[in-house]
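So you can see what is in the structure, the chains are spelled out below.
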Amino acid sequence: MARRIIFLLFLIACVDRSINVHCEKQPVSSSFDKHDNVSSSLAELFSGKRIPLFRYISNKTSRLSTQAVQVGWDRGLQTSLYVISVGLGTPAKTQIVEIDTGSSTSWVFCECDGCHTNPRTFLQSRSTTCAKVSCGTSMCLLGGSDPHCQDSENYPDCPFRVSYQDGSASYGILYQDTLTFSDVQKIPSFTFGCNLDSFGANEFGNVDGLLGMGAGPMSVLKQSSPRFDGFSYCLPLQKSERGFFSKTTGYFSLGKVATRTDVRYTKMVARRKNTELFFVDLAAISVDGERLGLSPSIFSRKGVVFDSGSELSYIPDRALSVLSQRIRELLLRRGAAEEESERNCYDMRSVDEGDMPAISLHFDDGARFDLGSHGVFVERSVQEQDVWCLAFAPTESVSIIGSLMQTSKEVVYDLKRQLIGIGPSGAC
């Protein structure tokens, strides 16, 4: 997840038992029904903000599912990542959550004394299907901190904690309730975390939480199995002041994955030391058709994942050094000016969009994903001047293909065949 490198480090800790949380059932007020029905759009929820892109839709012409949910981004949410609108509880309360294929635990901000709140904070006491997860249960063993449930007689609630590579964390207690994607796509007794406190809470912006689409036992897919055997999404391009990108609407589909001729697939690779993520076997990277001189072992040592919850992409330092040098050579040859104060940043006002370097990924099983030039750079302001910086950073951990590199393409997770696929640009 997150507008930072987001790669899940699943840590467990006991929460502060002094936090006052309620889950008793109470009458539902009419105002709650009116404002929090899942058909509400972000246009109503964010009046005066940038044009919202997400609400429930019934997409009967979808090639992958009869139901789809719009996905997009909005600066009013103070996040650069992608979100969808789901319903949680009964009646369903709208939650705007980030889609995160780089973690497995879903969580939302919940009601409690002194907690982070916004108008959509999940109110456990108003859901007729709300239930806490107790210590000693199977879900607490899978997703909570059962070993910390030492005093279950006085503190029966199952605590959880999820930490992210940027140092932020979410912790609280586990609940179960109905998760709603559409009228026909609901997951009853879905286990999720009620965030009662956070480290780096400002990093989560104004979103309501996170939807864990990873490979772990707490993920949406594992909890909905065998009903859903895959999912797909298309992350829309974000508008650039320079005009490279246009703002469009993306989508997220949960359900049966259809075979398509224009989607290229590579196999998922299991790693015994990390079962929370969907790994792939990246063997090489090419720029404008020319492979970089890198050994496949540089990527296989720690593994590679596609992470919708990480804006940037992260590769080993040696690989980044070779990639950035190749990009630099091409850009200077095509008229770009190097920004002296920032490494790997360029003034590209003299570079045509068609001359932007294009990246392809090559996999051990022979698959090739042509990602093009979108997502290779990210625009930023340096000394009051807009420049373009390479959207890659070094890592000593798992390599990440971030959301910028995935934009405008259909990304398919086919669990039945254990494949991950990417279609050509222009899917959304």
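Notes on the structure follow. The model shown is predicted, which means the values in this text are computed figures rather than measured ones.

## Examining the sheet that holds strand β23 (residues 368-372)
Next up, step 1: Read from one edge to the other, the open sheet built from four strands follows the order β17-β16-β22-β23, with strand pairing classed as antiparallel. Only two strands of the sheet have a single neighbouring strand rather than two, namely β17 (290-291) and β23.
Next up, step 2: One ladder, built from four bridges, connects strand β22 (residues 359-363) with β23; its direction is antiparallel. Across the sheet, the residue bridging to Ser360 is Asp370, located in β23.
Next up, step 3: Lying on the sheet, helix α6 (residues 317-333) is in contact with β16 (282-287), β17 and β22; it crosses β16 at an angle near 15 degrees.

## Re α6
Next up, step 1: If you check α6, its first and last C-alpha atoms are 24 Å apart, about what 17 residues at 1.5 Å a residue would give, namely 24 Å.
Next up, step 2: Here α6 has its buried residues at Ala319, Leu320, Val322, Leu323, Ser324, Arg326, Ile327, Leu330 and Leu331.
Next up, step 3: In the segment just after α6, Gly335 is the residue with positive phi, at about 105 degrees.

## A short note on the nonpolar core
Next up, step 1: Residues Phe181, Phe306, Leu361, Phe377 and Tyr413 are the most contacted members of the largest nonpolar core, which totals 75 residues.
Next up, step 2: Examining the composition of this core, we find that seven residues originate from one element, α6, more than from any other.
Next up, step 3: Both domains that meet at this core, namely domain 1 (68-227) and domain 2 (257-425), each give it at least three residues.
Next up, step 4: In this structure, Tyr413 is in contact with Thr101, Asp229, Gly230, Phe231, Tyr233, Val257, Met268, Phe278, Phe306, Leu419 and Ile420, ignoring residues within four places of it in sequence.
Next up, step 5: In terms of nonpolar packing, the next biggest core, distinct from the first, is built from 12 residues, Trp107, Cys140, Leu210 and Met218 among them.

## What about the side chain of Asp177?
Next up, step 1: Within the secondary structure, Asp177 is located in strand β9 (residues 169-182).
Next up, step 2: Under the relative-accessibility criterion, Asp177 is labelled buried at 1%.
Next up, step 3: If we ignore the near neighbours within four places in the chain, the residues touching Asp177 are Leu88, Gly89, Thr90, Phe122, Ser127, Thr129, Cys130, Ile187, Pro188, Ser189, Phe190 and Phe192.

## Overview of the state of the cysteines
Next up, step 1: Counting across every chain of the model gives four disulfides.
Next up, step 2: Here Cys234 pairs with Cys428 through a disulfide, and the sulfurs are 2.0 Å apart. A torsion of -80 degrees about the S-S bond marks the disulfide between Cys234 and Cys428 as left-handed. Here the residue Cys234 occupies a position in strand β12 (residues 230-234), and Cys428 occupies one in the segment after β29 (419-425), the gap between them amounting to 194 residues.
Next up, step 3: Under the relative-accessibility criterion, Cys234 is labelled buried at 0%.
Next up, step 4: Here Cys345 is linked by a disulfide to Cys389, with a sulfur-sulfur distance of 1.9 Å. Because the torsion about its S-S bond is 105 degrees, the bridge between Cys345 and Cys389 counts as right-handed. Placement of Cys345 in strand β21 (residues 345-347) and of Cys389 in strand β25 (residues 385-390) is noted, with a sequence separation of 44 residues between them. Across the pair, exposure class does not vary: Cys345 and Cys389 are buried alike.

## Some thoughts on the environment of Val398
Next up, step 1: Among the structural elements, Val398 can be located in the loop between β26 (392-394) and β27 (399-401).
Next up, step 2: When its relative accessible area of 6% is taken as the criterion, Val398 is described as buried.
Next up, step 3: Separated by 99 residues in sequence, Val398 and Phe299 place their C-alpha atoms 8.4 Å apart.

Definitions and limits used
- Residues numbered from 1 in each chain as written.
- Predicted model: local features only at pLDDT ≥ 70, side-chain atom pairs only at ≥ 80, totals over all residues.
- Heavy atoms only, no water.
- Pairing = 2+ DSSP bridges.
- Helix = DSSP H or I, 4+ residues; strand = E, 2+ residues; numbered from the N terminus.
- Contact = heavy atoms within 4.5 Å.
- Axes fitted to C-alpha atoms, helices over the stretch in contact; angles between N-to-C directions.
- Expected span 1.5 Å × (residues − 1).
- Buried < 20%, exposed > 50% of the residue type's maximum accessible area, 1.4 Å probe, protein only.
- Core = buried A, V, L, I, M, F, W, Y, C linked by side-chain atoms within 4.5 Å.
- Domains from an automatic or database assignment.
- Disulfide = S-S within 2.5 Å.

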